[in-house]
Amino acid sequence: MIYNTLLSSLAKKFALLIDPDNQTENSLVKILSFANTTGIDFIMVGGSLVSNPIDQTVEIIKNTTTIPVVLFPGSLLQLSEKADAILLLALISGRNPDYLIGNHVLAAHFLKKSGLEIIPTGYILIDGKSVSSVEYISNTRPIPIEKADIVVATALAGEMLGHKMIYLEAGSGADRRVSERVVAEVKKNIRVPLMVGGGIRTPEDALNLYKAGADIIVVGSAAEDDPEILKQLVAVKNKFV
Ligand code: 1GP
């Protein structure tokens, strides 16, 4: 079980995010060849707007690597029985009922039959300086970056509601990633694993966020731009072993 492996050790984890729309089969295989040699803990698949069939992407990943595949669905069109697990996201920074419970009701029977491992995740969108796809598509507002107290209270409420993971998200390709201060404040207050993503591009970013308390770092855009950077980014987590 993927969640149990997250809990079973204190080691820092690294997740590669694949947005199917940003990949051809060739570029996907190339990025996976780097992923296979670097010690990535799991591959997330999804995006705010995905027009390619998610099954195909998951299939290519499963045929190319043994790294567990975790769905990160932006919509009901992004469900696949071929993955290993799903982050069942509740967009708890927002006040759009569809993203808090509506889509989950629609997906519930499918998920129960799918055999996917379900990881209920409190998903918190934080202002990354520019309007993110998540903000636009979900029609929710991000929490302002300077309002660390609101982020902490939101994360706490998410944990109290039973979410097994908290994900701090600045949005894919964010101009400004989540700050160390916010990560540290949230980490002090919750016990479930803390994921951080959006705009993380350099080993220094990763190092500082791990130091601040991130348990799992998610990188998508930087690896799309230059798959070779994965080696340096993933190597950072080994400094904490
Ligand atoms: C987006 O947090 C992820 O949901 C990854 O963001 O593409 O900026 O790495 P990047």
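Up top is the structure these notes are about.
Residues numbered from 1 in each chain as written. Predicted model: local features only at pLDDT ≥ 70, side-chain atom pairs only at ≥ 80, totals over all residues. Heavy atoms only, no water.

Caption draft 1: How the structure looks around the overall build of the protein chain. Of the regular secondary structure elements, the protein chain holds 10 helices and 8 strands. For 241 residues, the compact-globule estimate of 2.2 N^0.38 gives 18 Å, and the C-alpha radius of gyration of the protein chain, at 16 Å, lies within 12% of that figure. Oriented by its inertia axes, the alpha-carbon framework of the protein chain measures out at about 45 × 40 × 35 Å. Expressed as a percentage of contacts within the protein chain between residues at least 6 apart in sequence, the contacts between residues at least 24 apart total 73%. If the 23 positive side-chain charges of the protein chain are averaged to one point and the 26 negative ones to another, these points end up 7 Å apart. (Helix = DSSP H or I, 4+ residues; strand = E, 2+ residues; numbered from the N terminus. Rg over C-alpha atoms; globule rule 2.2 N^0.38 Å. Contact = heavy atoms within 4.5 Å. Lys, Arg positive; Asp, Glu negative; His and termini not counted. Charge placed at Lys NZ, Arg CZ, Asp CG, Glu CD.)

Caption draft 2: Looking closely at the pairing of strand E4 (residues 85–91). Summarising burial for E4: 6 of the 7 residues are buried, a large majority. Alignment of E4 against strand E5 (residues 117–125), held across 7 bridges, turns out to be parallel. Counterpart to Ala-85 in the pairing with E5 is Glu-117. (Buried < 20%, exposed > 50% of the residue type's maximum accessible area, 1.4 Å probe, protein only. Pairing = 2+ DSSP bridges.)

Caption draft 3: Just the layout of surface pockets, in detail. Here the largest pocket defines a volume of roughly 720 Å³. As for the largest pocket, its lining consists of 45 residues, and the residues nearest its centre are Gly-47, Ser-48, Phe-72, Pro-73 and Gly-74. (1 Å grid on protein atoms, 1.4 Å probe; cavity = no way out; pocket = protein on both sides within 12 Å on 5 of 7 lines; lining within 4 Å. Points joined across faces, edges and corners; volume = space filled by probe spheres on them.)

Caption draft 4: The arrangement of the nonpolar core in detail. Within the largest apolar cluster, 84 residues are counted, with the highest numbers of intra-cluster contacts made by Met-44, Leu-87 and Leu-168. Of the residues forming this core, the biggest block, 6 residues, is contributed by E4. Residue contacts for Leu-168: discarding those within four places in its chain leaves Ile-124, Ile-126, Val-151, Val-178, Val-182, Val-183, Val-186, Leu-194, Met-195, Val-196 and Gly-197. (Core = buried A, V, L, I, M, F, W, Y, C linked by side-chain atoms within 4.5 Å.)

Caption draft 5: Main features of the pattern of salt bridges. Under the defined criterion, the tally for this structure stands at 9 salt bridges. Across the pair Asp-127 and Arg-176 runs a salt bridge whose closest N-O atoms are separated by 3.7 Å. Separated by 49 residues along the polypeptide, Asp-127 in the loop between E5 and helix H5 (133–138) and Arg-176 in the loop between strand E6 (165–169) and helix H7 (180–189) bring together distant segments of the chain. What makes Arg-176 partly exposed here is its relative accessible area of 27%. The residue Glu-180 makes a salt bridge to Arg-177 at a minimum N-O spacing of 3.0 Å. Here Glu-180 falls in the partly exposed class, since its relative accessible area comes to 28%. Here the salt bridges do not stand alone but share partners, grouping Arg-177, Glu-180 and Asp-205 into one network. (Salt bridge = Lys/Arg side-chain N within 4 Å of Asp/Glu carboxyl O.)

Caption draft 6: Fine view of the site of the ligand. By nearness alone, every residue bordering the ligand is listed as Leu-17, Phe-72, Tyr-167, Glu-169, Ser-172, Gly-173, Gly-197, Gly-198, Gly-199, Val-219, Gly-220 and Ser-221. Between the ligand and Ser-172 there is a distance of 2.6 Å, counted from an oxygen atom to a side-chain nitrogen or oxygen. Backbone polar atom of Gly-198 to an oxygen atom of the ligand: 2.9 Å apart, as the coordinates give it. Against a free-state accessible area of 310 Å², the protein chains account for coverage of 96% of the ligand. When each cavity is represented as a set of grid points, the ligand is found to reside in the largest pocket. (Near = heavy atom within 4 Å. Polar contact = N/O pair within 3.5 Å; in protein donor to acceptor, adjacent residues only side chain to side chain. Areas by Shrake-Rupley, 256 points an atom, 1.4 Å probe, with all protein chains shown as cover. Sits in = over half its atoms within 2 Å of the grid points.)

Caption draft 7: Inspection of the packing of aromatic side chains at higher detail. Applying the stated rule across the entire model yields 4 aromatic pairs. The ring of Phe-240 is capped by Lys-12, whose NZ or CZ atom sits 5.3 Å from the centre of that ring. Positioned above the aromatic ring of Tyr-3, the side-chain terminus of Lys-164 is 5.2 Å from the ring centre. (Phe/Tyr/Trp six-rings, centres within 6.5 Å; stacked < 30°, edge-to-face > 60°. Lys NZ or Arg CZ within 6 Å of the ring centre and 35° of its normal.)

Caption draft 8: Examining helix H8 (residues 203–212) more closely. Considered for burial, the residues of H8 that qualify are Pro-203, Asp-205, Ala-206, Leu-209, Tyr-210 and Ala-212. Against strand E1 (13–18), H7, strand E7 (194–197), strand E8 (216–219) and helix H10 (229–235) lie the buried residues of H8. Phi for Gly-213, located one or two positions after H8, is positive at around 130 degrees.

Caption draft 9: Structural detail: the side chain of His-163. Examined against the element boundaries, His-163 turns out to sit in the loop between helix H6 (148–160) and E6. Taking relative accessible area as the criterion, His-163 reaches 13% and is therefore assigned buried. In this structure the side chain of His-163 is engaged in a polar contact, spanning 3.4 Å, whose partner is the backbone nitrogen of Thr-121. Once residues within four sequence positions are removed from consideration, His-163 is found in contact with Ala-90, Ile-92, Pro-120, Thr-121, Gly-122, Gly-158 and Val-192.

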